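# Descriptive analysis of the structure
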Amino acid sequence: MSSLTYDLTLAGLAVGSAAALTGIGLIVTYRATGVLNLAQGAIAMVCAYVLREFAVEWGWPLPLAAAVTLLVVAPAIGLVLDRLVFRPIAVLEVDPARALVASIGVFVLLVGGAALLWGNGARSDAPELLPDDPWVQLSAVLLLAVLVTAVTRWTRFGRELRAVVDNRALAALGGIDADRVSAVGWAFGSFTAGLTGVLLAPYVRLDPYGLPLLVVEVIAVAVVARMRSLAVAVAAALAIGVAQAQLTRLHPSGWGEQLLQAVGANLFVVALLIAALMLPGVGAQSTVARAAAPAVRVPGVVWLVAGILFLLPLGFAGTDLHTSIQVPALAVILLSLVVVTGRGGQISLGQAAYAGLGALFTALLAAGRFPGLPAMPELLALVVAVLLVAPLGLLTGWPAIGRHGLALALATLAVGVGVSRFVFAQPYATAGLSLSRPTGLTSDRAYYVVELAVLACALLAVSALRRGRTGRALAALRDHEPGASAAGVRVASLKLLAFVLGAALAALGGGLLGMGVRAFDPEAYDPVRGLLWFAAVVVLGADNLVGPLVAAALLVGLDAGTRGGVAAAVIGILAVLIGRFPDAPNRAFKRLGLTASRHGQARPATEVARAGAASTGGRGRGAAARPAGSGEARPTPPGGEALPPTDGPAPTPGPWPVPDTRDAGSRAPSSGAGQPGRPARGATRPPPAHTLVARGVRLRYRDFTALDGVDLVLPSGQVTALIGSNGAGKTTLFNCLCGTLRPDRGRVELDGVDITRLAEHARTRLGIARTFQQLAVFASLTVEENVRIGAEQGHRRDPSAVGPVLRLLGLDGPVRDLPAAGLSTGALRRVELGRALAGGPHTLLLDEPAAGLDAVEAEALARILGALAADGMAVLVVEHDLDLVARIAQTVHVMEAGRIVQ
């Protein structure tokens, strides 16, 4: 027994050593560039193929082949990726999610290229670089880890590396050659990837898909190490490797045997699931995968052409029609990414798992093999399968509540890999399983017609979702999650809903695909396929209904009409180019005379220009451009006296008017006779008084006391100001009042009720609205849609309040249909204020509302806040502009060192 234990330990150390190499390479690349190189496995696969090509096909001596592969080819791949793909992303400082998309693009490009060059078949003649001795491999890994640790901790290069990761621009200003540091990081990371590939290739099948996926699984060791500690990564890799080997000794009886075998063969997958789902998120900055191509209004002629192209296969026969059957089903699967990623902004790399579960459950239900349920007709089985898979969307939706960007990508990828390994690859789930079509749909032509009908219904459903209230809330969540929560959006529930709907759509498409090909093929739903689908949809426009149709046609058509791997190569190239040239889609649409517009659509750029020009100086809906002070009637405050016109030129898109706050949400505007936006006679009544109070609020960050027993009262009907130097605790107190932060001690009360534990969106719905120091607008939505979010999600959910708010803030001209992106700071401040007022709050919290405004706009803002307070609203202003504070505030509190001192 001791001999068996020793032998299994050695085998585990060999596997763990290869995993440790992957972890070292990932961590070094991440620390040098800030990018999690998801293409590490693909680089490992390519290097393994190159070594085999040199040594087996060309007959080179193994030492020479290994030296060229590891010291020339592998670093060269890293240098090319750094210079052509990732360095421009770092220099341009575009959305960090672009680096993730580019990394996935490199992955699928290398996989597709390898399939084109070497074919899809597995190779079993990969040469062995090191002797089959675990101690030799382990010694090499430990030596490499010690060298890297010494370099990063005790050398000048290590200090430069840490500086570049912390702040690339600042490091460059300090004289550090950031490009050199990044290049070295990529070269070393690719070297370790190549070493991993050539060590693993003799023991696993060498094919374009198997080896990359295996390396993806062992990302777990880097995640466990929090992408920081090489020692932890090596220890975790060796421990998991040894444990996985030792589990093969256990042979329990009954159902536990198959489960234990699955766990024993995939312990790195278990570690990845635990690390990605339970440990604190890695790289969890708030980044989303926005559509690479902007959503545009698709002209009717484009839909007509698309319809004709999708109907053309009805004239095909034989294998051509059999291939075409896959396109509508795949398009339905890809529509799920429109909901989750395109509209909701959530990275989801595991949609292939839900598609596969839809196909698998359909087959099991139709065969009567699903536990607890009888055999069903195929169509009923498909419907039930969708209903069963939809709740499983919580597997990826739940981690999304507290994760963003890279952390969410890892969590969804882990779920996809776990489902693939523990469900699709297990004989107890798929052995002897077949899938047939419903009666009457056995012919390809009849089945294709049904698929087209299902695809049309799915398109209509997703289109209605994007245009409706939920779609606007999803877009707000995508564009600015804190702003969406402040507007009253239930962020957690909305994320769960997006993933559940996405899982349902993916399951529907997966079931259709399985019935179309009359089989359940686990390889059709592996995680590599999920990465390819994600990249295809993001590249072709994630928030666009035409994108999934084009992507499905390309993915099926290219691989069917040519050698396998062409589709992956094409999508990979496009993804890399999008990362390299992020503005290319926008420039392309501008050349076509289109630009983003209402509902994420587009219209001719000349029309947008005319709208902007017409809105300049406009004072009401449909108003033509007029100079300031031209005698036009101005909005009046509640007292009824007209305010003098603002001096100076009117800012674009119009001047800051003074709103009648009765129309801004504190009282519902009447729909009867009278002046537009004015309440009907006798319909007004004084608003109820509300008081927001902070009592003894304390908050500490480790050893730093941010708030030290702060008491604050915000009474109705007055403006309260909070001033102090930077670091005094103003913003921290502000965030405690809003619900963004929860104090360690003390209470926040509204009308005597403790609301300390309530989330931000819940406080908004109680009537506490806020704005942000850094503008929190939803850039992809129009001005009107931004304000509508507040009216639909706020304290008083009254969509009819949008019109009055737009009129009262001077946003009711052609500008109402313009996207918020590109408007002036003054206009965006109005949009953000309008969103807050449209929800009918009784308490308004403003964090540096005058930031970025000129003197004219600041003066107009002061009058607006005075009018709001005069109408009974409680207003808190955190502001550095002491002149503004002196004009508007009845009470001024001075903070210093976390306390109110005056």
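First, a word on what this report is: a plain description of the structure on this page. Nothing here was measured: the structure is a model prediction, and the numbers come from that model.

## Points about the overall build of the chain
The number of helices and strands found in the chain is 38 helices and 12 strands. Counting every position in the chain, which comprises 902 residues, the buried fraction comes to 57%. For the chain, restricting intrachain contacts to residue pairs at least 6 apart in sequence, the fraction spanning at least 24 positions comes to 77%. For the chain, the accessible area works out to roughly 34800 Å², and carbon and sulfur atoms hold 62% of it.

## Points about the pattern of salt bridges
Tallied over the entire structure, the rule returns 22 salt bridges. The residue E792 makes a salt bridge to R472 at a minimum N-O spacing of 2.5 Å. Separated by 320 residues along the polypeptide, E792 in helix α34 (residues 783-793) and R472 in helix α23 (residues 469-479) bring together distant segments of the chain. Each member of the pair E792 and R472 is classed as buried. When salt bridges that share partners are traced, they join R343, R466, R478, D479 and D543 into one network.

## Here we look at the pairing of strand β5 (residues 719-724)
Most of β5 sits out of view: five of its six residues are buried. Summarising the sheet, β5 and strand β11 (residues 891-896) pair through five bridges and their orientation is parallel. The residue of β11 that forms the bridge with L722 is H893.

## A look at the sheet that holds β11
In space, the six strands of this open sheet follow the order β8-β9-β10-β5-β11-β12, with mixed pairing throughout. Whereas interior strands pair on both sides, the edge strands pair on one side only; in this sheet they are β8 (768-770) and β12 (899-900). Along the sheet, helix α32 (residues 730-738) contacts β5, β8, β9 (843-847), β10 (874-878) and β11; its crossing angle with β9, the most-contacted strand, is approximately 150°.

## With respect to the state of the cysteines
The bond known as a disulfide is covalent and runs between the sulfur atoms of two cysteines. Summed over the entire model, instances satisfying the criterion amount to zero disulfides. In this structure C738 is not part of a disulfide, and its nearest cysteine sulfur, from C736, lies 9.2 Å away. For C738, a relative accessible area of 3% gives the class buried.

## With respect to the nonpolar core
Counting 195 residues, the largest nonpolar core has I24, F107, L334, L349, Y525, W533 and L555 as the members making the most contacts within it. Excluding its chain neighbours within four sequence positions, the residues that come into contact with W533 are L330, I333, L334, L337, A352, A355, A524, Y525 and L555. L811, L833, A838 and A862 belong to the second-largest nonpolar core, a separate cluster that totals 41 residues.

## Some words on helix α8 (residues 178-200)
In an α-helix there are 3.6 residues to a turn, and that puts residues three or four apart on one side. Taking 1.5 Å per residue, 23 residues should reach 33 Å; α8 reaches 33 Å between its end C-alpha atoms and fits that length. Of all the 23 residues making up α8, 20 are buried; the element is thus mostly covered by neighbouring parts of the structure.

## Considering helix α19 (residues 394-402)
Along α19, the residues classified as buried are T396, G397, P399 and A400. Viewed end-on, α19 has its buried residues packed into an arc of 170°, placing them on one side of the element. Opposite the buried face of α19, at more than 90 degrees from it, the exposed residues are W398 and G402. As for α19, its buried residues are in contact with α13 (267-278), α17 (351-367), α20 (405-424) and α25 (491-517).

Scoring rules and cut-offs
- Residues numbered from 1 in each chain as written.
- Predicted model: local features only at pLDDT ≥ 70, side-chain atom pairs only at ≥ 80, totals over all residues.
- Heavy atoms only, no water.
- Helix = DSSP H or I, 4+ residues; strand = E, 2+ residues; numbered from the N terminus.
- Buried < 20%, exposed > 50% of the residue type's maximum accessible area, 1.4 Å probe, protein only.
- Contact = heavy atoms within 4.5 Å.
- Areas by Shrake-Rupley, 256 points an atom, 1.4 Å probe, with all protein chains shown as cover.
- Salt bridge = Lys/Arg side-chain N within 4 Å of Asp/Glu carboxyl O.
- Pairing = 2+ DSSP bridges.
- Axes fitted to C-alpha atoms, helices over the stretch in contact; angles between N-to-C directions.
- Disulfide = S-S within 2.5 Å.
- Core = buried A, V, L, I, M, F, W, Y, C linked by side-chain atoms within 4.5 Å.
- Expected span 1.5 Å × (residues − 1).
- Arc of directions from axis to C-beta.

Keep in mind these values describe shape, not function.
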